[in-house]
Amino acid sequence: EEAAAQGLVAGANAAATALSRLGMAPLPPSIVGRGASYLGVLVDDLTRRGTSEPYRMFSSRVEHRLSVRPDNADQRLTAAGELAGLVDSARALIARRRGDRTDRAIAALEDARMGAAAWAVAGVDNAPAGKSGRTVSAAELLAIPGVGYARVARALAAAGESTASGGIDASDDSVDASNDFHRAASSPGELARAATILAAVAEADPTAAEEATVECYYAPYLARQRRDIETMRKEEAMELPMDLDYDAVGGLSAEDREKLKEFRPATLAAAQRISGVTPSAAIALLRFVAAQKLRRGTMRGLAVDAGRGQTAKRAPGRIR
């Protein structure tokens, strides 16, 4: 599979070069960028890091593995594939329509909000209460295992009818509307409209409804992934102690430890450039070294405070 992937990239780029007079261009970063696809990770690893043994693709090599998933491959790559001449227009049209429906469903899920008590009355009794009575969106509910698209759609339809007739109060009395952290509960019309959109999407293309569900489920984890990647970019210059005990670092594979012990990188950036050291290993290193520095700083502060206390005890009284 790795060899076939290289052949696909090489063949597409060769064809683009041969047909450049017709406006063809090499594969864009939206296909072969490191954050765009497994193809991009493979190409980047082989061309920038190299390898001393037969290259195998593992998910642990991919920083963006939560967003680079098989279930969203068509949405990530089809449009760029069409531009590169690898995807025919009929298939591209199907992907665009599915993407539009998925986007509509996600927007409706994010906009439909009620308090936890209102969700329970509507049929979703495991909605999180949230801090300070914060309302919960339908999209947030789909991040909870066991809460499915159809169940949320039925709850929204029921809530839209009941709130309109006064049966359900979608708001939460404990919410401070003046606080920007909170968003008000949706109106009956907004709830009913969201339910209509979700039903229409599910009827037109069940795969779009499934895709919207998966995107909502992964949303909290994707947010954490983005924070981790941003932190890595900011902390690339972090120095790694030359006597760092890699056996004490949790989350490292046997290959990670072997490579790090062999090269003893001076910085986090240098560790990331070692062939065989995975992005998840770099994140584990960052957290371990940062925690060590924090502990040393805390102990140093305690030692200074203790020293000051002893000095104060030995200080002579004021002479009068």
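This text goes with the structure placed above it.
Residues numbered from 1 in each chain as written. Predicted model: local features only at pLDDT ≥ 70, side-chain atom pairs only at ≥ 80, totals over all residues. Heavy atoms only, no water.

### Things to note about the packing of helix 4 (residues 73-83) against helix 5 (residues 89-111)
Convention followed: Axis definition: a line fitted to C-alpha atoms, over the contacting stretch in the case of helices. Angles run 0 to 180 degrees between N-to-C directions. Runs of E in the DSSP output that reach at least two residues are strands. Runs of H or I that reach at least four are helices, and both are numbered from the N terminus. If you view the pair so one helix is near and one far, a crossing is left-handed when the near helix is turned anticlockwise from the far one by less than a right angle, and right-handed when it is turned clockwise. Contacts between residues were defined by any pair of non-hydrogen atoms, one from each residue, lying within 4.5 Å. Side-chain classes follow a simple rule in which Ala, Val, Leu, Ile, Met, Phe, Trp, Tyr, Cys and Pro form the nonpolar group, Asp, Glu, Lys and Arg form the charged group, and the remainder, Gly included, forms the polar group.
Packing of helix 4 against helix 5 leaves a shortest axis separation of 9 Å and a crossing angle of 145 degrees. For helix 4 against helix 5, the interelement crossing comes out left-handed. Residues D74, Q75, T78 and E82 of helix 4 form the contact with helix 5, whose own contacting residues are S89, R91, A92, A95, R96, R98 and G99. By residue class, the composition of the contact of helix 4 with helix 5 is two nonpolar, four polar and five charged.

### Observations regarding the environment of A105
For clarity, the threshold we go by: Three exposure classes are used, based on accessible area relative to the maximum for each residue type with a 1.4 Å probe and protein chains only: buried under 20%, partly exposed in between, and exposed over 50%.
Mapped onto the elements of the fold, A105 is located in helix 5. Look at A105 and you get buried, because its relative accessible area is 0%. The spacing of A105 and A208 is 103 residues in sequence and 8.1 Å in space, taken between C-alpha atoms. For A105, the contacting residues outside a window of four places in its chain are Y149, L198, V201 and A212.

### A look at helix 11 (residues 254-263)
Side chains three or four residues apart in an α-helix point the same way, a direct result of the helix having 3.6 residues per turn. Within the span of helix 11, buried status applies to D256, R257, K259 and L260. Count one or two residues on from helix 11 and you reach R264, which has phi positive near 45 degrees.

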